[in-house]
Amino acid sequence: VSTQSTGCLLLIVERQMRASTIIFAFLISSIALVTAEVYFAETFDKNWESRWVKAYPKKAENADGEWGWSAGKFYNDAVKDKGLQTTQDAKFYTISAEFPKEFSNKGKELIVQYTIKFEQNIDCGGGYLKLYPASLDQENMNSESEYNIMFGPDICGSSTRKVHVIFSHNGKNHLVKKEIRPETDEFTHLYRLVVKPDNTYEVYIDGTKKESGSLEEDWDILPPKQIKDPNAHKPSDWVDEKEIPDPEDKKPEGWDDIPAEIPDPEATKPDDWDEDLDGEWEAPQIPNPEYKGVWKAKQIPNPAYKGEWVHPLIDNPDYQPNSNLYAYDSFKYVGIDVWQVKSGTIFDNILVTDSEKEADKWLKEWEVQKEGEKKAYDEHKEEERKKAEAEKETKEADEEAETEDDKDEL
């Protein structure tokens, strides 16, 4: 076979391999597109009430709040930015929506994403979502209803400012051990939780990763891998005092002769003091500047010190690894179950999916909303300033007119 023929043959093989690679990559991407699924998407259009079920668990106490449908006082788009808004102060808010179909996240990523706007400059209240299994009774939903995941901000004063990420397992709710700080201003912010099949998670706010890690390490869902050996005890002769009093140090002579207090040398007997009536006058006591306190020998390193005793650990017999911590057999509903002191919060753009691409698409839409909302906010504040100024001028004019009327009457 000639060299030229061999070269042509190699070129043909190389082109076929490239074509195969391209086809394979296309098939993989096509499969990903087919398998990616949006389980729930809610942007709160005018028909939102047909999809959401309100519950009134505090009806007897008249403590249930009513929901509104609003874009708020400032917004980018008056229609698109409308969401579910709390409208009454110091009330409980309970509502849920059913997914088109029940699903399990086993073997898939789970992405929970939504926007929230604390337009009222929230002082105390929740702003989180809950994902529920098929067992939820929507009409009787309450704070005790079993859920799978709770995610979102919770704010109360300066002491409580956190993003909750709570997983329920075997009837117990487990809070994340890390501190995740929420946004607390008056603008719309986008929260995203990603739960992955390798038992890891990520939390994003406005597209920026705020926290990530392992479900096993960042929650106390499983018993610890190791525990203190119950049969181990610190030896009775163990010395863990780093320092001891110097046996050669001696208390100076006259140390104890110095009193803690002395009569105030600047005090004088009052002129009206009557010793027959008041008794013998004594100057009040003041701290003695010469007093050095109770004498103690100086400390020196303890030659017998063995260091801090460390309790030995053993493998925990109750620990069993669980590769499915992330997985739930049933997701069927999403709900809001919060208490708010000051109302005005707007929930919107709720997305439950396994598609990062879809979540990023909604993120891009939020970025557009953010820019317009900021401009509208500045205009809104300027209008409020002008209104307040006009009201002040009117009040001052009225007061001045009243003063003139009073003068005329006189």
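You'll find the structure just up there.
Thresholds, definitions, all that
Residue numbers here run from 1 along each chain, matching the order of that chain's written sequence. In view of the model being predicted, local features appear only for residues whose pLDDT reaches at least 70, and side-chain atom pairs are presented and counted only at 80 or more, with totals across whole chains, interfaces and linings using the full set of residues. By convention in this description, side-chain values take in all heavy atoms of the structure and omit both hydrogens and water. For the purposes of this entry, the term helix denotes a DSSP run of H or I that reaches at least four residues, the term strand denotes a run of E that reaches at least two, and both are numbered from the N terminus. Between the two quantities, the radius of gyration covers C-alpha atoms and the globule rule is 2.2 Å times the number of residues to the power 0.38. For the exposure calls, accessible area comes from a 1.4 Å probe over protein chains only, and a residue counts as buried if that area is under 20% of its type's maximum, exposed if over 50%, partly exposed in between. Residues count as neighbours in contact if any of their non-hydrogen atoms are within 4.5 Å of one another. Here the accessible surface of atoms and residues is derived via Shrake-Rupley with a 1.4 Å probe, and residues count as covered only by protein chains that are part of the display. A residue counts as positive if it is Lys or Arg and as negative if it is Asp or Glu; His and the chain ends are not included. Just so you know, the charge point we use is NZ for Lys, CZ for Arg, CG for Asp and CD for Glu. Among the buried residues, those of types Ala, Val, Leu, Ile, Met, Phe, Trp, Tyr and Cys that are joined through side-chain atoms within 4.5 Å form a nonpolar core. A pair of cysteine sulfur atoms is labelled a disulfide when the two atoms are within 2.5 Å. Every case where a carboxyl oxygen of Asp or Glu lies within 4 Å of a side-chain nitrogen of Lys or Arg is listed as a salt bridge. For Phe, Tyr and Trp, where Trp contributes only its six-membered ring, two rings pair if their centres lie within 6.5 Å, and the inter-plane angle classes them as stacked under 30 degrees, edge-to-face over 60, or tilted in between.

1. Brief notes about the overall build of the protein
What the protein contains, in helices and strands, is 4 helices and 22 strands. For 410 residues, the compact-globule formula gives about 22 Å, and the C-alpha radius of gyration of the protein, at 36 Å, lies well above that figure. Projecting the C-alpha coordinates of the protein onto the three principal axes gives extents of approximately 125 × 95 × 60 Å. The buried share of the protein, reckoned over its 410 residues, is 36%. Long-range contacts, defined here as pairs at least 24 residues apart, represent 73% of the contacts in the protein between residues at least 6 apart. On the protein, roughly 25500 Å² of surface is accessible, and the fraction owed to carbon and sulfur atoms is 50%. Taken as two groups, the 52 positive and 88 negative side-chain charges of the protein have centres that lie 11 Å from each other.

2. What to know about the nonpolar core
Ranked by size, the top nonpolar core spans 59 residues in total, and within it Trp52, Leu110, Phe151, Val165, Phe167 and Val334 carry the most contacts. Setting aside residues no more than four positions away along its own chain, Phe151 makes contact with Val112, Tyr114, Tyr128, Leu129, Val163, His164, Val165, Tyr191, Arg192, Leu193 and Val203. Residues Val194, Tyr204, Leu351 and Ala359 belong to the second largest nonpolar core, which totals 6 residues.

3. Comments concerning the side chain of Thr94
Mapped onto the elements of the fold, Thr94 is located in strand β5 (residues 91-103). For Thr94, a relative accessible area of 3% puts it in the buried group.

4. Some thoughts on the environment of Val195
Counting through the fold element by element, Val195 comes out in strand β12 (residues 188-195). For the pair Val195 and Phe331, spaced 136 residues apart in sequence, the C-alpha to C-alpha distance is 14 Å. Val195 has contacts with Lys108, Glu109, Leu110, Phe167, Thr200, Leu215 and Tyr326, leaving out every residue within four places of it along the chain.

5. Some remarks on unusual backbone geometry
For Asn121, which is not a glycine, the phi torsion comes out positive at approximately 55 degrees. Tracing the backbone through its elements, the reader meets Asn121 in the loop between β6 (110-118) and β7 (124-126). One non-glycine residue, Asn170, lies in positive phi territory at about 55 degrees. Looking at where Asn170 falls in the secondary structure, it is placed in the loop between β10 (160-169) and β11 (172-175).

6. Here we look at the state of the cysteines
Taken as a whole and assessed by the stated rule, the structure comprises 1 disulfide. Two residues share a disulfide in this structure: Cys124 and Cys156, whose sulfurs sit 2.0 Å from each other. Residues Cys124 and Cys156 share a disulfide whose torsion about the S-S bond is about -90 degrees; that sign makes it left-handed. Placement of Cys124 in strand β7 and of Cys156 in strand β9 (residues 149-156) is noted, with a sequence separation of 32 residues between them. Accessibility expressed as a relative area gives 16% for Cys124, which makes it buried. Among the residues examined, Cys156 registers a relative accessible area of 31% and is labelled partly exposed.

7. Observations regarding the environment of Gly83
Mapping Gly83 onto the fold places it in strand β4 (residues 83-86). The sequence separation of Gly83 and Ile116 amounts to 33 residues, and the corresponding C-alpha distance is 9.0 Å. Ignoring any residue separated from it by four or fewer positions in sequence, one finds Gly83 in contact with Phe44, Gly68, Trp69, Ser70, Ile346, Phe347 and Asp348.

8. Examining the pattern of salt bridges
Overall, the coordinates contain 23 salt bridges when judged by the stated rule. Here Glu119 makes a salt bridge to Lys117, at a shortest N to O gap of 3.1 Å. Owing to a relative accessible area of 11%, Glu119 belongs among the buried residues under this scheme. Glu384 is paired through a salt bridge with Lys381; the nearest N and O atoms lie 3.6 Å apart. Residue Glu384 and its partner Lys381 are located together in helix α4 (residues 356-409), separated by 3 residues, close to a single helical turn. On the basis of relative accessibility, which here comes to 31%, the residue Lys381 falls in the partly exposed class. By sharing partners, the salt bridges in this structure join Glu42, Asp45 and Arg51 into a single network.

9. Quick look at the packing of aromatic side chains
Applying the stated criterion to the full structure yields 20 aromatic pairs. The interplanar angle of 70 degrees and the centroid separation of 6.1 Å between the aromatic rings of Trp67 and Phe347 together place this pair among those described as edge-to-face. Taken together, the positions of Trp67 in strand β3 (residues 67-70) and Phe347 in strand β22 (residues 345-353) put the pair 280 residues apart, joining distant regions of the chain. Per residue, the accessibility class of Trp67 equals that of Phe347, and both read buried. The interplanar angle of 85 degrees and the centroid separation of 6.3 Å between the aromatic rings of Tyr114 and Phe151 together place this pair among those described as edge-to-face. On the criterion of sequence distance, the pair formed by Tyr114 in strand β6 and Phe151 in strand β9 is long-range, its members being 37 residues apart. When sorted by exposure, Tyr114 lands in the same class as Phe151, which is buried. An aromatic cluster is defined as three or more aromatic residues linked by ring pairs; in this entry it consists of Tyr39, Phe40, Phe44, Trp48, Trp52, Phe99, Phe103, Tyr328 and Phe331.

Such coordinate-based values are descriptive only and should not be taken to indicate function.
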